[in-house]
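What follows is the residue order along each chain.
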Amino acid sequence: MTTPAWRGAANSALAIVETLGLSVAGITTYPFSPSGDAYLALARLWGRSLFKAWGVRLHVEGAEQVDFAAPHLYMSNHQSHTDILALYATIPTPVRFLAKKELKYIPIFGWGMAVANYVFIDRSKRDDAFKSIDLAAARIAKGHAVIVFPEGTRSKDGTLGDFKKGGFVLAQKAGVPIIPVGIVGTYNVLPTHSWWIHGDCDVTIRFGEPIPTTGCGRQELMARVHEAIGALASDAPAVAAASGRLPRGRVG
């Protein structure tokens, strides 16, 4: 179903208002939650409430394979800006993104990310980038969970692109497993180069089996994770929905 222009604009306006509201509310939590966990609890509510308001039906598969309380690194394909909402909405424990440094300086929004203890990486400076990776690895070792989009940017057409090595350096430094995640459907919600948010569609988040980061070289690890995410991000949920069999584990 095609979303009318007025509805797409209204959905986008709602996203801006709620995101600003979350950032302001999150900043105010810092005095009593300097870890950022209170902010991240609000972020889960943010993701779920926006998807519900847009009429997006969110489904989860494979969550039983993940010990969400254990330290590990999530790696996901990246179809849309709404991937962040979807991951916040479906991961039940505090989780932070490895983010590019430029986002830190966006008024209100970036300040909220800083309060949540995001790890910012300066890709233009090799030494600073590796310092950021060392910081993220130390946090993961202490129990933090971090999400990385190994493609480095959003897909232009929804297909899985090549991976950058930074996230894999991080995973091997931290010595924790990688949880591959496949996101299906967010490209339909907000395609690249579009400002209109479309509702009345399905999004599926699939969690795969943990992949150990020890005992193999980096190139082999990258190939294994790429294969796993590619399989998880297939179009199977759309086929299941068309046949009348919805994916398991609807959220909300």
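Rules used in this analysis
Residues numbered from 1 in each chain as written. Predicted model: local features only at pLDDT ≥ 70, side-chain atom pairs only at ≥ 80, totals over all residues. Heavy atoms only, no water. Helix = DSSP H or I, 4+ residues; strand = E, 2+ residues; numbered from the N terminus. Buried < 20%, exposed > 50% of the residue type's maximum accessible area, 1.4 Å probe, protein only. Contact = heavy atoms within 4.5 Å. Core = buried A, V, L, I, M, F, W, Y, C linked by side-chain atoms within 4.5 Å. Salt bridge = Lys/Arg side-chain N within 4 Å of Asp/Glu carboxyl O. 1 Å grid on protein atoms, 1.4 Å probe; cavity = no way out; pocket = protein on both sides within 12 Å on 5 of 7 lines; lining within 4 Å. Points joined across faces, edges and corners; volume = space filled by probe spheres on them. Nonpolar A, V, L, I, M, F, W, Y, C, P; charged D, E, K, R; others polar.

## So, the environment of His-198
Within the secondary structure, His-198 is located in the loop between helix H7 (186-189) and strand S7 (201-207). On the accessibility criterion, His-198 (23% relative accessible area) is partly exposed. Placed 186 residues apart in sequence, His-198 and Ser-12 show a C-alpha to C-alpha distance of 8.8 Å. Apart from residues no more than four positions distant in its own chain, His-198 is found in contact with Thr-3, Asn-11, Val-56, Asn-188, Val-189 and Pro-191.

## As for the nonpolar core
Counting 41 residues, the largest nonpolar core has Trp-54, Tyr-74, Leu-87, Ile-205 and Phe-207 as its most contacted members. Counting only elements with at least two residues in this core, the list comes to helix H1 (5-28), helix H2 (37-54), strand S1 (56-61), helix H3 (83-90), strand S3 (95-100), strand S5 (145-148), strand S6 (178-184) and S7. Per-element tally for this core: the top contributor is H2, with seven residues. When neighbours within four sequence positions are excluded, Ile-205 is seen to be in contact with Leu-58, His-59, Val-60, Glu-61, Ala-86, Leu-87, Thr-90, Val-181, Gly-182 and Ile-183. Leu-73, Ala-129, Cys-216 and Ala-228 belong to the second-largest nonpolar core, a separate cluster that totals 27 residues.

## Some remarks on the pattern of salt bridges
This model, assessed by the stated rule, comprises five salt bridges. Put simply, Asp-37 and Arg-96 hold a salt bridge, and the shortest N to O gap is 3.0 Å. One end of the pair, Asp-37, is in helix H2; the other, Arg-96, is in strand S3, and 59 residues separate them in sequence. Residue Asp-37 is classed as partly exposed on the basis of its relative accessible area, which comes to 34%. Lys-173 is the salt-bridge partner of Asp-134, the closest N and O atoms lying 3.2 Å from each other. Separated by 39 residues along the polypeptide, Asp-134 in helix H5 (residues 126-141) and Lys-173 in helix H6 (residues 166-174) bring together distant segments of the chain. Overall, Asp-134 belongs to the partly exposed group, its relative accessible area being 39%. On the basis of relative accessible area, Lys-173 is assigned to the partly exposed category, the value being 47%. The network of salt bridges with common partners includes Arg-57, Asp-200 and Asp-202.

## Here we look at the layout of surface pockets
In this structure, the largest pocket occupies an estimated 1700 Å³ of space. What lines the largest pocket is a set of 50 residues, among which His-78, His-81, Ile-84, Lys-100 and Leu-103 lie closest to the centre. Those elements that place two or more of their residues in the lining of the largest pocket are H1, H2, H3, S3, helix H4 (109-115), H5 and H6. Its residues placed into classes, the lining of the largest pocket shows 31 nonpolar, 12 polar and seven charged.

Nothing here speaks to function; it is geometry throughout.
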